[in-house]
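Coordinate inspection notes
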Amino acid sequence: MSESIVLFGPPGAGKGTQAEAIVAATGKPQVSTGDMLRAALTAGTVLGLEAKKYMEVGELVPDEVIIGLIADRMNQQDARDGVLFDGFPRTIPQAEALAEIASVSLVISIEVPDESIVERIVGRRMDPDTGEIYHVNFRPAPSEVVGRLIQRKDDNEEAVRTRLTAYHSQTSPLADWYSEKGILKTVNGNQPMDDVAAEISQLLL
Ligand code: AP5
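Since the structure is predicted, the reported quantities are computational estimates derived from the model, not experimental observations.

Calculation criteria
Residues numbered from 1 in each chain as written. Predicted model: local features only at pLDDT ≥ 70, side-chain atom pairs only at ≥ 80, totals over all residues. Heavy atoms only, no water. Helix = DSSP H or I, 4+ residues; strand = E, 2+ residues; numbered from the N terminus. Buried < 20%, exposed > 50% of the residue type's maximum accessible area, 1.4 Å probe, protein only. Polar contact = N/O pair within 3.5 Å; in protein donor to acceptor, adjacent residues only side chain to side chain. Pairing = 2+ DSSP bridges. Axes fitted to C-alpha atoms, helices over the stretch in contact; angles between N-to-C directions. Contact = heavy atoms within 4.5 Å. Near = heavy atom within 4 Å. Nonpolar A, V, L, I, M, F, W, Y, C, P; charged D, E, K, R; others polar. Phe/Tyr/Trp six-rings, centres within 6.5 Å; stacked < 30°, edge-to-face > 60°. Lys NZ or Arg CZ within 6 Å of the ring centre and 35° of its normal.

Observations regarding the side chain of Ser116
With respect to the helices, strands and loops of the structure, Ser116 is situated in helix α6 (residues 114-122). Here Ser116 falls in the buried class, since its relative accessible area comes to 16%. A distance of 3.3 Å separates polar atoms of two side chains, one belonging to Ser116 and the other to Asn190.

Points about the pairing of strand β4 (residues 103-111)
With seven of nine residues buried, β4 is to be regarded as a mostly interior element. Alignment of strand β1 (residues 3-8) against β4, held across six bridges, turns out to be parallel. Paired with Glu3 across the strands is Ser103, a residue of β4.

With respect to the sheet that holds β1
Read from one edge to the other, the open sheet built from five strands follows the order β2-β3-β1-β4-β7, with strand pairing classed as parallel. In this open sheet, the two strands that pair with only one neighbour each are β2 (30-32) and β7 (184-188). Here the average twist between neighbouring strands, direction ignored, is 25°. Across the sheet, helix α9 (residues 173-180) lies against β1, β4 and β7, angled at about 130° from β7, the strand it touches most.

Considering the site of the ligand
As a structural note, the neighbourhood of the ligand is formed by 36 residues, with Thr17, Glu59, Arg90, Arg124 and Arg163 the closest of them. At 3.2 Å from an oxygen atom of the ligand is found a main-chain nitrogen or oxygen belonging to Ala13. Side-chain polar atom of Arg38 to an oxygen atom of the ligand: 2.9 Å apart, as the coordinates give it. Only α1 (15-26), α2 (33-43), α6, β6 (133-135) and α10 (193-203) provide two or more residues apiece to the shell around the ligand. Among the elements that take part in the shell around the ligand, α2 stands out by supplying four residues, more than any other. Per-class residue counts for the shell around the ligand are 16 nonpolar, 11 polar and nine charged.

Thoughts on the packing of helix α5 (residues 92-101) against α9
One can describe the packing of α5 onto α9 by two numbers: an axis separation of 10 Å at closest approach and a directional angle of 35°. Together, Ile92, Ala95, Glu96 and Leu98 of α5 and Pro173, Leu174, Trp177 and Tyr178 of α9 make up the contact between the two elements. Split into classes, the residues belonging to the contact of α5 with α9 amount to seven nonpolar, no polar and one charged.

Section: the environment of Phe8
Tracing the sequence through the fold places Phe8 in strand β1. Phe8 sits 176 residues away from Leu184 along the chain, and the two C-alpha atoms are 9.4 Å apart. Apart from the residues within four sequence positions on either side, Phe8 is in contact with Lys15, Val107, Ile108, Ser109, Ile110, Tyr167, Thr171, Ser172, Leu174 and Ala175.

Topic: the packing of aromatic side chains
Counted according to the given criterion, the structure contains three aromatic pairs. Ring geometry for Phe8 and Tyr167: centres 6.1 Å apart, planes at 50°, overall tilted. One end of the pair, Phe8, is in strand β1; the other, Tyr167, is in helix α8 (residues 157-171), with 159 residues separating them in the sequence. Taking 5.1 Å as the distance between ring centres and 90° as the angle between the ring planes, the aromatic pair formed by Trp177 and Tyr178 counts as edge-to-face. We note that Trp177, like Tyr178, is buried. Over the ring of Trp177 we find Lys181; its NZ or CZ atom is 4.2 Å from the centre of that ring.

Quick look at the structure:
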């Protein structure tokens, strides 16, 4: 089986921000369950509409929905040499299902304290044309794209608090699960983006 990488961390840790450079360095396609669910929602599919009620309030979408989505994605041609998972797995059952369909060689855990998360999430803006991720303070968008930026529906303080609760109760136990397998590597996500990227690039050597 070809080797995949998992990007792990709380909401707003910088997984999406760091994914681009990892894709460039490894050639592995990014597989973001959040992006896949948002695409399904925009397309108005049954799956998208089912996921919407969980996503908007910040709760996790049920495991069986996510596992089905990933199983389909891993059957695609570009996944044959492994992928970069972003935001998946998020529960022990998801990790167990993943172990059946792909081999994971590295889990990069981006560590950021809760007190930094709300500011990051509430200030996040996305460019719907390019997928680029900006922040009103930490990564301001160029003036020519500012007019088209959007804010995710779940990027409000109330939903972020629910997402953090879900992370601590359902997702963070995965760190021990992967640590026991000897493949978990942590980076300090509470520093400038370029410094986080430099720490990650050391793990990819
Ligand atoms: P998902 O889209 O995966 O959201 P998330 O995990 O909450 O992660 P985010 O996208 O919010 O954050 P990120 O770590 O990518 O941070 P980013 O780089 O954007 O999931 C959304 C929802 O879908 C879930 O709540 C759930 O309902 C559902 N879902 C998805 N996958 C699921 C699964 N597997 N199982 C069940 N349900 C699932 O950065 C954030 C901001 O901070 C940006 O503005 C950025 O510019 C800024 N920033 C980044 N790095 C830094 C830095 N070093 N310093 C300062 N600012 C920074």
